[in-house]
Amino acid sequence: MLEQLNTRRSVRRFQPRAVSRETITSLLEVAMNAPSAGNEQAWQFVVLDDRTLLEKYAALNPNVAFVSDAPAAILVCGDLDSERYAGFHVQDCSAATTNLLHAAHASGLGAVWGTVFPDKREPVRTLLGLPEQVIPFAIVPVGHSAEEVRPWKSRLDASRIHYNGWE
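First, a word on what this report is: a plain description of the structure on this page. (Residues numbered from 1 in each chain as written. Predicted model: local features only at pLDDT ≥ 70, side-chain atom pairs only at ≥ 80, totals over all residues. Heavy atoms only, no water.)

Next up on the list: the nonpolar core. Counting 24 residues, the largest nonpolar core has Ile24, Leu27, Phe45, Ile74, Val76, Leu100 and Val142 as the members making the most contacts within it. Among the elements of the structure, helix H2 (21-32), strand S1 (43-48), strand S2 (72-79), helix H4 (89-106) and strand S5 (134-143) are those that each provide at least two residues to this core. For this core, the element with the highest residue contribution is H4, accounting for seven residues. Not counting the four nearest positions on each side in its chain, leucine 100 is found in contact with Leu27, Ala31, Ile74, Val76 and Val140. (Core = buried A, V, L, I, M, F, W, Y, C linked by side-chain atoms within 4.5 Å. Buried < 20%, exposed > 50% of the residue type's maximum accessible area, 1.4 Å probe, protein only. Helix = DSSP H or I, 4+ residues; strand = E, 2+ residues; numbered from the N terminus. Contact = heavy atoms within 4.5 Å.)

Written out as structure tokens, the structure reads:
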């Protein structure tokens, strides 16, 4: 497990090979097993595996243009109607997205966390027909990596660790 966590890297170039819906479901199961505030699970997921829709999404949100090259992408969304604690969908979705990235890596797939900037939420909502209470949070393209991904050297930095207060 520690090796998996320490060797995951962001992948932005993908082979055209499809990712099965069964595999996507497996990744989403791991995402939905993430911790959430008060066990509220204030998330929804939209799977994009239609080439035309992936291209439209990439054109709409150019900071994640690489979405158009992925065989699939998963839009992680906050669900305001599921919140027990206002605003905590952000932590829930962050935990789910992190789990999703690690599940992809453990499955031999590449993925990357793509941001949905606030000014892109409405256009994304319109493109995908999302209800008002569903907030687009992150887009995670998933596929077989088309690039060699090498682990980083350890990022452990003792100067950023503080025990029992700020030294």
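Our focus in this paragraph is the packing of helix H3 (residues 51-60) against helix H5 (residues 121-128). Interhelical geometry of H3 versus H5 gives an angle of 165 degrees and a closest axis separation of 10 Å. As the angle between them shows, H3 and H5 are arranged roughly antiparallel. In terms of crossing hand, the pair formed by H3 and H5 is right-handed. Contact with H3, carried on its side by Leu53, Lys56, Tyr57 and Leu60, involves Pro123, Val124, Leu127 and Leu128 of H5 and no other residues of that element. For the contact of H3 with H5, a count of residues per class yields seven nonpolar, no polar and one charged. (Axes fitted to C-alpha atoms, helices over the stretch in contact; angles between N-to-C directions. Parallel < 35°, antiparallel > 145°, perpendicular 65-115°, else oblique. Left-handed = near helix turned anticlockwise from the far one by under 90°. Nonpolar A, V, L, I, M, F, W, Y, C, P; charged D, E, K, R; others polar.)

Quick look at the environment of threonine 98 now. Along the chain, threonine 98 falls in helix H4. For threonine 98, a relative accessible area of 32% corresponds to the partly exposed category.

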